[in-house]
Amino acid sequence: MMHALLHENRDASGHASRNVNQSVASMAACSGISMICDAMIRFKRDRSVASTQEGILTMSMNRKVGHTTASLGAVGVLLLAMASNPAHAADEVTLQLKWVTQGQFAGYYVAQDKGFYEEADLDVTIKPGGPDIAPPQVIAGGGADVIVDWMPSALASREKGVPLVNIAQPFKRSGMMLTCLKESGITSPDDFKGRTLGVWFFGNEYPFLSWMSKLGIPTEGGEEGITVLKQGFNVDPLLQKQADCISTMTYNEYWQVIDAGIAEDDLVVFKYEDQGVSTMEDGLYVLEENLADEAFVERMARFVAASMKGWDYARENPEEAAGIVLDNDATGAQTEQHQVRMVSEINKLTEGSDGTLDEADYERTVETLLGGGSDPVISAAPEGAWTTVVTDKMSAM
């Protein structure tokens, strides 16, 4: 802000020379906008310097004092106008993550940290997830513009009334698998019968249930079925031998098992990709109604483009990307070793993706989810559940 001079110079008679200070204030206020002020302040000045007994310098203005007052008024109007019309604000975007702050979402944190969102004229807020946070519920309640979710969860939510649409797919491959203790005697899916398997819920159970349905193995227990243990987001059931196998991701829980002291040779893993039942993970979803707004589509195109730039940077600089993730971890629960390893594993899943969903990957996911026998994850092939309108606009930018 510009402050007018408040000091008063007094002449030998003790009268305040306010006009002088007002003139100086006018010139000071205009110093940053000289072109405008030159047009506003057009008057002649007669300058004379006199020395009084007190040694005070004074300036005498010409008779057109009214011009000075008018100029000050014009400056005030201009400054008020500038205050009421601030610089252009970046478009706001709120992103809800599927899980807590970790390398799984490195691309978004990198895009924010390296200024990629700012370059795209975006002000992005990244909201971490957690065990009790379901992204479809968050966006349905107006808590986010876009969410990260797995396609099985998103399609199931769509069928239940939350009109989610996939607008981009940064993850090209699935990282989900079952990890079993070798000592359990399990060597193939045929050995699952009669066993206890740890399964994540909150929408993460759908790929597993579809897989069991495809195998024809009931999930209600018994000798011919499997007992489902509702697994927390940790590896304790395996370490404490409460389950024969647990759900793990290639980039996270599997390494927690290793870090707990169990050797890789003492484990048997079943990757969903290898079993032919993998489904798409970590896609970007919005509410269908918002896609009718061209401005929203354009904003999402800038968001996806900047996010993919963040993922590209993370692949080229995994250690730096892990450090950025750690900087954003408010809990302090993550470790550098684990995050560097996670980012490196995540890079294997995002490699080859430009953000555009491959229709073949979508069709495979839908087929897997429909192949649930008497209890499929979705009852019919969805319509309008994905679009390229955002990535097409992104490509044209």
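Above this text is the structure in question.
Cut-offs applied
- Residues numbered from 1 in each chain as written.
- Predicted model: local features only at pLDDT ≥ 70, side-chain atom pairs only at ≥ 80, totals over all residues.
- Heavy atoms only, no water.
- Helix = DSSP H or I, 4+ residues; strand = E, 2+ residues; numbered from the N terminus.
- Buried < 20%, exposed > 50% of the residue type's maximum accessible area, 1.4 Å probe, protein only.
- Axes fitted to C-alpha atoms, helices over the stretch in contact; angles between N-to-C directions.
- Parallel < 35°, antiparallel > 145°, perpendicular 65-115°, else oblique.
- Contact = heavy atoms within 4.5 Å.
- Nonpolar A, V, L, I, M, F, W, Y, C, P; charged D, E, K, R; others polar.
- Disulfide = S-S within 2.5 Å.
- Phe/Tyr/Trp six-rings, centres within 6.5 Å; stacked < 30°, edge-to-face > 60°.
- 1 Å grid on protein atoms, 1.4 Å probe; cavity = no way out; pocket = protein on both sides within 12 Å on 5 of 7 lines; lining within 4 Å.
- Points joined across faces, edges and corners; volume = space filled by probe spheres on them.
- Pairing = 2+ DSSP bridges.
- Core = buried A, V, L, I, M, F, W, Y, C linked by side-chain atoms within 4.5 Å.
- Salt bridge = Lys/Arg side-chain N within 4 Å of Asp/Glu carboxyl O.

In this section: unusual backbone geometry. One non-glycine residue, Lys241, lies in positive phi territory at about 60°. Within the secondary structure, Lys241 is located in the loop between α9 (236-239) and β8 (245-249). By relative accessible area, Lys241 is classed as exposed at 54%. Positive phi is not limited to glycine here, since Asp282 has a value of about 50°. Inspection of the secondary structure assignment puts Asp282 in the loop between β9 (267-271) and β10 (283-287). Among the residues examined, Asp282 registers a relative accessible area of 1% and is labelled buried.

Their axes nearest at 9 Å, the elements helix α4 (residues 106-113) and helix α12 (residues 318-327) cross at an angle of 85°. Classed by the angle they form, the pair α4 and α12 counts as roughly perpendicular. The segment α4 lies against α12, with Ala106, Tyr109, Val110 and Asp113 engaging Ala321, Ile324 and Val325. Residue composition of the contact of α4 with α12, by class: 6 nonpolar, no polar and 1 charged.

Here we take up the state of the cysteines. Here the structure, examined in full by the defined rule, presents 1 disulfide. One disulfide in the model links Cys180 with Cys245; its S-S distance is 2.0 Å. Around the S-S axis, the bridge from Cys180 to Cys245 shows a dihedral of about 105° and counts as right-handed. Of the two residues, Cys180 is situated in strand β5 (residues 176-181) and Cys245 in strand β8; the sequence distance between them amounts to 65 residues. Note on Cys180: relative accessible area 0%, which makes it buried.

Okay, the packing of aromatic side chains next. Counted according to the given criterion, the structure contains 12 aromatic pairs. Seen from their ring centres, Tyr108 and Phe303 are 6.5 Å apart, and the 5° between their planes marks the pair as stacked. Residue Tyr108 is found in helix α4, and its partner Phe303 is found in helix α11 (residues 294-316); the two are separated by 195 residues along the sequence. When its relative accessible area of 1% is taken as the criterion, Tyr108 is described as buried.

Across all of its chains, the model carries 2 cavities of 30 Å³ or more by this definition. By volume, the largest cavity amounts to about 200 Å³. Here the lining of the largest cavity is built from residues that sort into 10 nonpolar, 5 polar and 2 charged.

Right, let's talk about the sheet that holds strand β4 (residues 164-168) for a bit. On the basis of which strands lie adjacent, the open sheet formed by 5 strands has the order β2-β1-β3-β10-β4 and mixed pairing. Every interior strand has two partners, whereas the edge strands, β2 (122-127) and β4, have only one. Averaged over all neighbouring strand pairs, the angle between strand axes comes to 35°, with direction disregarded. The pairing of strand β1 (residues 91-96) with β2 spans 6 bridges and is parallel. Bridge pairing in β2 links Asp91 to Leu122. α11 rests against β1, β2, β3 (146-149), β4 and β10 of the sheet, and its axis sits at about 65° to β1.

Attention now moves to the packing of α4 against α11. Two elements in contact, α4 and α11, have axes separated by 7 Å at closest approach and are oriented at 105°. Classified by the angle between their axes, α4 and α11 sit roughly perpendicular to one another. Residues Ala106, Gly107, Tyr108, Val110 and Ala111 of α4 pack against Phe303, Ala306, Ser307, Gly310, Trp311, Tyr313 and Ala314 of α11. Each residue belonging to the contact of α4 with α11 can be placed in one class, and the counts come to 9 nonpolar, 3 polar and no charged.

Tyr108, Ile167, Phe192, Leu284 and Phe303 are the most contacted members of the largest nonpolar core, which totals 68 residues. Discounting chain neighbours no more than four positions away, the residues touching Phe192 are Leu178, Ile186, Leu197, Trp211, Met212, Leu215, Ile217, Gly225, Ile226, Cys245 and Phe270. Within the second largest apolar cluster, 21 residues are counted, among which are Leu155, Ala156, Leu357 and Tyr362.

Turning next to the pattern of salt bridges. Opposite charge on two side chains lets them pair, provided their charged atoms get close. Across all of its chains, the model carries 16 salt bridges by this definition. We note a salt bridge from Arg341 to Asp259, for which the minimum N-O separation is 2.6 Å. Taken as a pair, Arg341 in helix α13 (residues 336-350) and Asp259 in helix α10 (residues 253-259) lie far apart in primary sequence, 82 residues in all. Residue Arg341 is classed as buried on the basis of its relative accessible area of 17%.

Unoccupied space between atoms shows up once a probe the size of one water molecule is rolled over them. Roughly 260 Å³ of volume is contained in the largest pocket. Around the largest pocket, the lining comprises 13 residues; the ones closest to its centre are Ala134, Pro136, Gln137, Ser153 and Ser157. It is helix α6 (residues 135-140) that contributes the most residues to the lining of the largest pocket, 3 residues altogether. Partitioned by chemical class, the residues of the lining of the largest pocket number 6 nonpolar, 4 polar and 3 charged.

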